[in-house]
Amino acid sequence: MKALRNYLNRIKPNFEPDGKLHAFRSVFDGFETFLYTPNTTSTSGVNIHDSLDSKRVMIIVVLALMPCLLFGMYNAGYQNWLAAGATEFPFWQLMAYGFLAVLPRIVVAYVVGLGIEFVVAQWRREEIQEGFLVTGILIPLICPIETPLWMLAVATAFSVVFVKEVFGGTGYNVFNVALVTRAVLFFGYPAQMSGDKVFVSTNSICGLGFDLPDGFSGATPLGQIASFTGGNLELLNLKGNPVSTWDAFLGLIPGSFGETSTLAILIGAVLLLATGIASWRIMLSVVAGGLFMGWVANVFETPAYPASFLDPVDQLLFGGFAFAAVFMATDPVTAARTNPGKYIYGFLVGAVAIIIRTYNNGYPEGAMLAVLLGNALAPLIDYCVVQLNVSRRMRRQRHTAA
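Keep in mind that what you see is a predicted model, and the values were worked out from it rather than measured.

Engineer: Before we go on, may I ask you to explain the overall build of the chain in this structure?
Structural biologist: When helices and strands are tallied, the chain shows 16 helices and 0 strands. Counting the 402 residues in the chain, one finds 50% classified as buried. Taking all contacts inside the chain whose residues are at least 6 apart in sequence as the whole, residues at least 24 apart take part in 69%. Of the roughly 19900 Å² that the chain leaves accessible, carbon and sulfur atoms contribute 64%.

Engineer: Honestly, the layout of surface pockets in this entry has me stumped. Any pointers?
Structural biologist: Using a probe with the size of a water molecule, rolled over the atoms, empty space left in the structure can be pinpointed. In this model, the second largest pocket occupies a volume close to 600 Å³. What lines the second largest pocket is a set of 37 residues, and nearest its centre among them are Arg 182, Phe 199, Thr 220, Pro 364 and Glu 365. At the level of elements, helix H7 (177–188), helix H8 (190–193), helix H9 (221–226), helix H14 (321–328) and helix H16 (367–401) are the ones that each hand at least two residues to the lining of the second largest pocket. A total of 4 residues in the lining of the second largest pocket trace back to one element, the largest contributor, which is H9.

Engineer: Quick question: what am I supposed to make of the packing of aromatic side chains here?
Structural biologist: For any two aromatic rings, the description comes down to two numbers: the centre-to-centre distance and the angle of the planes. Throughout the structure, instances matching the rule amount to 17 aromatic pairs. Measuring from centroid to centroid gives 5.8 Å for Trp 81 and Tyr 97, while their planes differ by 90°, and the two rings are edge-to-face. Placement of the pair is Trp 81 in helix H3 (residues 54–83) and Tyr 97 in helix H4 (residues 91–124), with a sequence separation of 16 residues. A centroid spacing of 6.3 Å and a plane angle of 75° characterise the contact between Trp 280 and Tyr 343, whose relative ring orientation is edge-to-face. With a gap of 63 residues between them, Trp 280 in helix H12 (residues 280–299) and Tyr 343 in helix H15 (residues 339–359) connect regions that are remote in the sequence. For Tyr 343, a relative accessible area of 35% corresponds to the partly exposed category.

Engineer: Hey, could you run me through the side chain of Thr 260 in this one?
Structural biologist: Within the secondary structure layout, Thr 260 lies in the loop between helix H10 (245–250) and helix H11 (262–274). In this structure Thr 260 comes out as buried when scored by relative accessible area, which is 4%. With residues up to four places along the chain from it excluded, the contact list for Thr 260 reads Phe 71, Asn 75, Ala 248, Gly 251, Ile 253, Pro 254, Gly 255 and Leu 317.

Engineer: Can you walk me through the pattern of salt bridges in this structure?
Structural biologist: It is possible for side chains bearing opposite charge to pair when their charged atoms get close. Going through the model one piece at a time under the given rule, you end up with 2 salt bridges. The partner of Arg 357 in a salt bridge is Glu 365, with the nearest N and O atoms 3.3 Å apart. Arg 357 sits in the buried class, given a relative accessible area of 3%.

Engineer: Would you take a moment to explain empty space enclosed by the protein for this structure?
Structural biologist: Going through the model one piece at a time under the given rule, you end up with 2 cavities of 30 Å³ or more. Looking at the largest cavity, the residues that line it are Gly 72, Asn 75, Ala 76, Gln 79, Ile 145, Phe 199, Val 200, Ser 201, Gly 255, Ser 256, Phe 257 and Thr 260. The residue makeup of the lining of the largest cavity, split by class, is 5 nonpolar, 7 polar and no charged. There is about 40 Å³ of room inside the second largest cavity. Together, Leu 222, Ile 225, Ala 226, Ala 307, Arg 357, Asn 361 and Pro 364 line the second largest cavity. It is H9 that provides the largest number of residues to the lining of the second largest cavity, a total of 3 residues. Among the residues forming the lining of the second largest cavity, the class breakdown is 5 nonpolar, 1 polar and 1 charged.

Engineer: I'm lost on the side chain of Glu 259 in this one. Help?
Structural biologist: Position of Glu 259 relative to the elements: it lies in the loop between H10 and H11. For the buried Glu 259, no salt bridge exists, and the shortest N-O distance to an oppositely charged side chain is 6.1 Å, to Arg 182.

Engineer: Where do I start with the packing of H4 against helix H5 (residues 132–142) in this structure?
Structural biologist: Relative orientation and spacing of two packed helices are given, respectively, by the angle between their axes and the distance between those axes. Between H4 and H5, the least distance of the axes is 8 Å, while the angle of their chain directions is 145°. H4 and H5 meet at a crossing whose hand is right-handed. Contacts between H4 and H5 involve Val 102, Arg 105, Ile 106, Ala 109, Tyr 110, Gly 113, Leu 114 and Glu 117 from the first element and Phe 132, Leu 133, Gly 136, Ile 137, Ile 139 and Pro 140 from the second. Split by residue class, the contact of H4 with H5 holds 10 nonpolar, 2 polar and 2 charged.

Rules used in this analysis
Residues numbered from 1 in each chain as written. Predicted model: local features only at pLDDT ≥ 70, side-chain atom pairs only at ≥ 80, totals over all residues. Heavy atoms only, no water. Helix = DSSP H or I, 4+ residues; strand = E, 2+ residues; numbered from the N terminus. Buried < 20%, exposed > 50% of the residue type's maximum accessible area, 1.4 Å probe, protein only. Contact = heavy atoms within 4.5 Å. Areas by Shrake-Rupley, 256 points an atom, 1.4 Å probe, with all protein chains shown as cover. 1 Å grid on protein atoms, 1.4 Å probe; cavity = no way out; pocket = protein on both sides within 12 Å on 5 of 7 lines; lining within 4 Å. Points joined across faces, edges and corners; volume = space filled by probe spheres on them. Phe/Tyr/Trp six-rings, centres within 6.5 Å; stacked < 30°, edge-to-face > 60°. Salt bridge = Lys/Arg side-chain N within 4 Å of Asp/Glu carboxyl O. Nonpolar A, V, L, I, M, F, W, Y, C, P; charged D, E, K, R; others polar. Lys, Arg positive; Asp, Glu negative; His and termini not counted. Axes fitted to C-alpha atoms, helices over the stretch in contact; angles between N-to-C directions. Left-handed = near helix turned anticlockwise from the far one by under 90°.

In structure tokens:
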């Protein structure tokens, strides 16, 4: 590592403003700050230095996502084996299959997103921010496993440019970039993204896995509910066996790559809460909003809206609700900032997610749109909370003066 540090110090002058490679200064700075903590300090004014900089925050979030990524690898293989009628599930083969399935999507997301950020940073003569370290891994996790790579590239580019860079880059975006990528895919390519089999990998990869027949349907539990036409509502796995609450908690069900396992998501939540990266107020209120609205829907259950038959706890386990509560709604850039506002924002996200899921059979998810709506309303929520506090203090001052 010392040799690498010395090498970087030796070539660094080439990337300074007067160096022959000054056009790539932002690129060099991005790689250097990724490998090493900058040793430059402020020379004027009063400054408070904290060891927990944005790079470390992003790395902690990436580590918190690792359980979801690793389980997603296993589940991608497991669903392919299950759909093929296999009776044995070799662990390492399933993991290798999932790794090969998701690797191209991670590469595409990072190449496209970081490539745009490098170009924009160089154009603006700014440092490259670390925000896409998290976004680049979130995008493959919240997308169906069979999302075409070119679609992923187009949606990622659109989101990075029009949702992040036009607002000023990391820390200035109004909406969650990864969720907008998912929204662009869903609404921009409905014919390719609305089918059931996109949630299950249907082809063998490098000799691993099985080629499933054309027309195969790998409907998620929420997809089965949306297409329910009457009778007894029974959710089935790809082998035709009933899906239990335990299966949903573990994540052994079809779904977007990293969203199925509530257990893996909870492991990530513990790390985020222990390090103080994510807000427990938002997580708690999202769950509270989901449970409350799930209970209301269940009390007024009706065959016209099959999702209303779901138990409130099952509402939290299916789809991307848990993932949104832990990793999406808690994004500090797009969420509410005030403590009372966090409760309101989180409850709104949780409740709206269940409302959309239950009462819109054409869109059986809900979490994505709920978080984006919460992002749009977060500044207004904070504004109202601050104004309420100001009004309360003014009344208190007038009362004291009187």
